[in-house]
Protein chains: 2
Amino acid sequence: MIKLHLNGPKLLEQIRALGEIGADAQNGGRTRIALTDTDKAGRDRLVAWMRELELEVAIDRIGNIFGTLRAPGDAAPLMIGSHIDSVTNAGALDGCYGVLAGLAVQRAYREAGVTPARSITVAAFSNEEGVRYQPDMMGSLVHAGGLALQTALDTLGTDGTRLGDELQRIGYAGDMEPGAIMPHEYLELHIEQGPLLEAEQTQIGVVEDLQGISWQQVTVTGNANHAGTTPTRLRHDAGFVACAAVTELRRLARDSGTTLATTGCMRFEPDVINVIPRRATFTVDLRDPDEQRLQQAEAHLARILRALAEAEGVTLETEQLVRFQPVTFDATLANTIEASARRLGLSHRRMTSGAGHDAQMIARIAPAAMIFVPSQGGISHNPREHTDDAQLLDGARVLLDVVTTRLNPTR
Amino acid sequence: MIKLHLNGPKLLEQIRALGEIGADAQNGGRTRIALTDTDKAGRDRLVAWMRELELEVAIDRIGNIFGTLRAPGDAAPLMIGSHIDSVTNAGALDGCYGVLAGLAVQRAYREAGVTPARSITVAAFSNEEGVRYQPDMMGSLVHAGGLALQTALDTLGTDGTRLGDELQRIGYAGDMEPGAIMPHEYLELHIEQGPLLEAEQTQIGVVEDLQGISWQQVTVTGNANHAGTTPTRLRHDAGFVACAAVTELRRLARDSGTTLATTGCMRFEPDVINVIPRRATFTVDLRDPDEQRLQQAEAHLARILRALAEAEGVTLETEQLVRFQPVTFDATLANTIEASARRLGLSHRRMTSGAGHDAQMIARIAPAAMIFVPSQGGISHNPREHTDDAQLLDGARVLLDVVTTRLNPTR
């Protein structure tokens, strides 16, 4: 087997350099929301780095960027991907780490003067974060054929702009048809964005599946009455029903062990101290790695809400905002990741991805798996997002080892 | 006993005329927030009506308006009072009904050409609603000596204005010292603002006491983490703790039977669907007619919060916003109201006032009691506030009967 060397300093330098684009000196972190001027600046930098490595650069019609280190023959490439768009005041690692580690793998081949047995493509997918344009993971979803290109281009943003127009404006509406580069298999290296690896002092997460996600918005409508004059038995308190549902959801999560349930948004109307809320609007984020258990949780939520609404005499409206089935990643790739971690002497564990990633979209069209490294405090989407340099390099070495293993199978 | 006649059409006409001042054609109702231009217009109208009845009009330094129908001698007057300021998009009855019914009582004496055995003063107290300047019931509180005049005048409004300046501006900073007109006894006629009388098809509420009020604002601080990656056991979810507290408060109210518990305001931060709330801020409105039970409810809330905070690993901050002890009204006056209702053939019940009223402040310095009439649907502080004309006149007839009874005791 060829012994390749990871250029660690160069990888860390590129992570820092990309992280300076869109930096917010006032509030910390950096903001490179998809298809804004700062996203364009980040893309320009990435493409320049790809050209330095003499990769074949291609841009498709949804703005996904591909840089290919070409091997002889027409075989489908091994793809390493993630994204470089960000949320507001983001850390420097979410997405960017995976893309730049892909370049580091290609650089290892270049620096050793070795041509890989199969082409290696690094992909940076458009609009993974979904801050301005819904849905998130849009570029990889279009690439995988899960969303029509025209629908994606016609998406209106929270600021009223049309995605296709913004893509043109920043110069990243490419010519290539989405899905033209079909991966042989797909790898994504990412920070965990959760606390498990850190809590268990484990260096590498071997991600074997990814939770299904169900997002709902619930609107409870009751009657606004005077807090001092309305007996408890005559109340139709929308706020109480919302709070009781959140309380029950915690019980569901505790009893289940695998289901996660979160209410991140909650609003009362009229939001006056001595008025019983007429309306309460809240969100429910349910996740489970098993589709059947996720459906059970959704059904349980519906039952909770019906019972509470009937008892209190309020009405309900439930809107499904997002629904993704769980994804099981490719077992062979997961085994390879585990073997690489073991070979490199890194502690590791099998785990489920709690967050959504481009890998879940690409898993629709190719074998895919993910590698996680620890996130300090489990924090991401925040300027305080942090992973130690040594941990970042551990993850990149595992990625390089997995790639060389896959491209040079030991027989 | 002198037989006096209530001029019903005139009372209803004045309620309607006052209700047109500050009317909002767009959103319904009328808005006469204390010491605004529309409040001034309402005050001017009231004073004009007082002068039509040839009352002695006096304005004190906090802007309370007094109109006295003078009897021979220096005896303290029987006072009938309430307020004419309003909330935003209010009904026409809250407060105004009690003041104008007071004028109707004085008119009954005028029209009969009878001089009362004791002076009758109608009072319209400043800023009962407390929309722009806190605390509410301010004019009657200053009148009763419960708040220093200078403190009240120096109050800054939600719009940054100083109360004393606004009082000057609208021309209602009077010369009289607050409390100069000390009532012999005090009556207040008001819509119930609750659903009990309507639900029980009862015409008159004999208000024998008024609930104590405890307003608190609770701030829960936990950690904002990713909804998909943070196991339930590692969460410090401020939103969950807030919701669980609201759920427990409903149990407290149900178990108690007399305590009312309401959460009218609730806010999550950062209020993002897939982020566990870092902070939840909510209000608690506790009421009970018994001081000891109110204290028990407060203690219970504190215990609930402590237990929840400890279990979830979050911190708490509790701020007391308002605290009024329960008020027991004068038994003799309550008996008189009950006897008048009976004499007039009106169904009646003893009851507790759930809302705060000027009567609770005046009860500190004189025997006081209240008369309630039904509120359709229990609705007030809303353009849909409604009481049938016949019910309004029933209440005013009871008031007139009580006044003539008190001024001409049958022996």
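Rules behind the numbers
Residues numbered from 1 in each chain as written. Chains lettered and ligands numbered in written order. Predicted model: local features only at pLDDT ≥ 70, side-chain atom pairs only at ≥ 80, totals over all residues. Heavy atoms only, no water. Contact = heavy atoms within 4.5 Å. Buried area = accessible area lost by both parts, 1.4 Å probe. Salt bridge = Lys/Arg side-chain N within 4 Å of Asp/Glu carboxyl O. Polar contact = N/O pair within 3.5 Å; in protein donor to acceptor, adjacent residues only side chain to side chain. Helix = DSSP H or I, 4+ residues; strand = E, 2+ residues; numbered from the N terminus. Nonpolar A, V, L, I, M, F, W, Y, C, P; charged D, E, K, R; others polar. Core = buried A, V, L, I, M, F, W, Y, C linked by side-chain atoms within 4.5 Å. Buried < 20%, exposed > 50% of the residue type's maximum accessible area, 1.4 Å probe, protein only. Domains from an automatic or database assignment. UniProt positions renumbered as here; feature names shortened; annotations may be inferred. 1 Å grid on protein atoms, 1.4 Å probe; cavity = no way out; pocket = protein on both sides within 12 Å on 5 of 7 lines; lining within 4 Å. Expected span 1.5 Å × (residues − 1). Least-squares fit on C-alpha atoms with pLDDT ≥ 70 in both. Points joined across faces, edges and corners; volume = space filled by probe spheres on them.

An unreviewed UniProt entry lists chain A under the name N-carbamoyl-L-amino-acid hydrolase, with Pseudomonas soli as the source organism.

S.K.: Break down the interface of chain A and chain B for me, citing the residues and quoting the values.
M.R.: Tallying the contact residues gives 55 residues for chain A and 55 residues for chain B. Buried surface at the junction of chain A and chain B, both sides included, amounts to about 4,600 Å², of which 58% is carbon and sulfur. On the chain A side of the contact with chain B, A:Thr232, A:Arg250 and A:Ile273 bury the most area, a combined 16% of that side's loss. If you look at where chain A meets chain B, you find four salt bridges. In this structure, A:Arg267 engages B:Asp271 in a salt bridge whose closest nitrogen and oxygen atoms are separated by 2.2 Å. If you look at where chain A meets chain B, you find 17 residue pairs in polar contact (both at pLDDT 80 or more). Of the residues forming the side of chain A that touches chain B, the biggest block, eight residues, is contributed by helix H8 (residues 238–256) of chain A. A per-class count over the side of chain A that touches chain B returns 24 nonpolar, 20 polar and eleven charged.

S.K.: Pulling in residues and values, what's your account of the nonpolar core?
M.R.: Most often, soluble globular proteins have nonpolar side chains that are buried together. In this structure, B:Leu46, B:Leu103, B:Phe329, B:Leu399 and B:Val403 are the most contacted members of the largest nonpolar core, which totals 98 residues. With ten residues, helix H3 (residues 96–112) of chain B is the largest single contributor of residues to this core. When we break this core down by domain, the ones giving at least three residues each are domain 1 (8–210 + 326–407) and domain 2 (212–324) of chain B. Core analysis: the second largest hydrophobic core is formed by 96 residues, A:Ile170, A:Val206, A:Ala369 and A:Phe372 among them.

S.K.: Go over the UniProt feature "binding site: Zn(2+) 1" (unreviewed entry) in chain A, please, and point to the residues and values.
M.R.: Residues and elements named next belong to chain A. UniProt records the feature "binding site: Zn(2+) 1" (unreviewed entry) at His-83, Asp-94 and His-190, using the numbering of this structure. A stretch of 108 residues holds the annotated residues, and the largest C-alpha distance among them is 10.2 Å, short enough that they meet in one place. Of the annotated positions named here, the largest pocket is lined by His-83, Asp-94 and His-190. Counting through the fold element by element, His-83 comes out in the loop between strand E3 (78–82) and helix H3 (96–112). By relative accessible area, which is 0% here, His-83 ends up buried. Setting aside residues up to four positions removed in sequence, His-83 forms contacts with Asp-94, Gly-95, Cys-96, Val-99, Phe-125, Glu-128, Glu-129, His-190 and Asp-358. Among the polar contacts made by the side chain of His-83, one reaches the side chain of Asp-94 at a distance of 3.3 Å. Relative to the helices and strands, Asp-94 resides in the loop between E3 and H3. Here Asp-94 falls in the buried class, since its relative accessible area comes to 8%. Setting aside residues up to four positions removed in sequence, Asp-94 forms contacts with His-83, Glu-129, His-190, Ile-191, Gln-193, His-381 and Glu-385.

S.K.: Give me helix H10 (residues 331–343) of chain B: which residues, what numbers.
M.R.: All names here are of chain B. For H10, spanning 13 residues, the distance from its first C-alpha to its last is 18 Å, which sits close to the expected 18 Å at 1.5 Å a residue. Those residues of H10 lying buried are Leu-333, Ala-334, Thr-336, Ile-337, Glu-338, Ser-340 and Ala-341. On its buried face, H10 is in contact with strand E5 (185–191), strand E6 (204–210), strand E13 (348–353), strand E14 (368–373) and helix H12 (389–407). In this structure Asp-330 caps H10, since a side-chain oxygen of it lies 3.3 Å from the backbone nitrogen of Thr-332. Gly-345 sits one or two residues past H10 and shows a positive phi near 70°.

S.K.: Residues and numbers for the relation of the copies chain A and chain B, please.
M.R.: Note on the copies: chain A fits chain B at an RMSD of 0.1 Å, the axial shift is 0.1 Å, and the rotation between them is 180°. The operation mapping one copy onto its partner corresponds to a two-fold rotation axis. Distance from the rotation axis, computed per C-alpha, reaches its smallest value in chain A at A:Cys243: 2.2 Å. A share of 100% of interface residues in chain A that are also interface residues in chain B marks the association as one of identical surfaces.

S.K.: Describe empty space enclosed by the protein, and please don't skip the residues or the numbers.
M.R.: If you walk through the whole model with that rule in mind, you get six cavities of 30 Å³ or more. Looking at the largest cavity, its volume works out to about 70 Å³. In terms of lining, the largest cavity is formed by A:Val246, A:Leu249, A:Arg250, A:Ala261, A:Thr262, A:Thr263, B:Asp237 and B:Phe240. Ranked by residues supplied to the lining of the largest cavity, first place goes to H8(A) with three residues. Split into classes, the residues belonging to the lining of the largest cavity amount to four nonpolar, two polar and two charged.

S.K.: Please set out the domain arrangement of chain A residue by residue, giving values where relevant.
M.R.: Interface size is often expressed as the accessible area that is lost when the parts come together. Residues and elements named next belong to chain A. What the domain assignment lists for chain A is domain 1 (8–210 + 326–407) and domain 2 (212–324). A C-alpha centroid distance of 35 Å is found between domain 1 and domain 2. Each partner contributes to the interface: domain 1 provides twelve residues, whereas domain 2 provides eight residues. For the pair domain 1 and domain 2, the summed buried surface comes to about 720 Å²; carbon and sulfur atoms form 64% of the total.

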